[in-house]
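Spelled out, the chains give:
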Amino acid sequence: MTQNPDSMREVTRIGDLYAFYEPLLTERQRQIVELYHFEDMSLAEIGSVLSISRQAVHDQLRRVGEQLEVYEAALHLQEIAAKQRTAWALLIDCWQAVRARLPEADRTRMQRAIEQMAATLSSLTGGEADA
């Protein structure tokens, strides 16, 4: 069965938002989102595991999605992270283009600074930044 591209984008968006705002959700909300989005369980399967109706699972997922969107609208963490990734990629591209032209001492200092920034970004994003 082919999934609707809009539906796939929605699943991806919820997963991305969940990565930022998961600590703000209740344990039950996290459990339902994880079973649905990460364990790929059906609404009926989740309902069976949690002893609730399929409709209750559906309603809970819809509410969690709305709640995650409210958090993003207020805090913009996903938006900021996307801009940081774009800026980081541009910086690395520029560094690749100019590093060979710098004196060794400046090149070493800049490489250390980039590596330190990569480590900082990696700790914030779960390992996405490479120097």
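The coordinates are above.
Residues numbered from 1 in each chain as written. Predicted model: local features only at pLDDT ≥ 70, side-chain atom pairs only at ≥ 80, totals over all residues. Heavy atoms only, no water.

> I tried to follow the overall build of the chain on my own but got confused; where do I start?
The helix and strand tally for the chain stands at six helices and zero strands. Counting helices and strands in the order they occur from the N terminus, the chain gives α-α-α-α-α-α. Taken over 131 residues, the chain has a buried fraction of 27%. As displayed, the chain offers around 8800 Å² of accessible surface, 55% of which is attributable to carbon and sulfur atoms. (Helix = DSSP H or I, 4+ residues; strand = E, 2+ residues; numbered from the N terminus. Buried < 20%, exposed > 50% of the residue type's maximum accessible area, 1.4 Å probe, protein only. Areas by Shrake-Rupley, 256 points an atom, 1.4 Å probe, with all protein chains shown as cover.)

> Help me understand the pattern of salt bridges, please; the structure alone is not making it clear to me.
Where charged atoms from two side chains of opposite charge come close, those side chains can pair. For the coordinates displayed, the defined rule picks out seven salt bridges. Put simply, Glu66 and Arg62 hold a salt bridge, and the shortest N to O gap is 3.2 Å. One end of the pair, Glu66, and the other, Arg62, are both in helix 4 (residues 54-75), four residues apart, so they sit about a helical turn from each other. According to the relative accessible area criterion, Arg62 is partly exposed, its value standing at 39%. For the salt bridge of Asp106 with Arg109, the shortest nitrogen-to-oxygen distance reads 3.8 Å. In this pair, Asp106 and Arg109 both sit in helix 6 (residues 104-125), three residues apart, roughly one turn of the helix. With relative accessibility at 34%, the residue Asp106 sits in the partly exposed group. Taking the relative accessible area as the measure of exposure, Arg109 reaches 60% and is therefore exposed. (Salt bridge = Lys/Arg side-chain N within 4 Å of Asp/Glu carboxyl O.)

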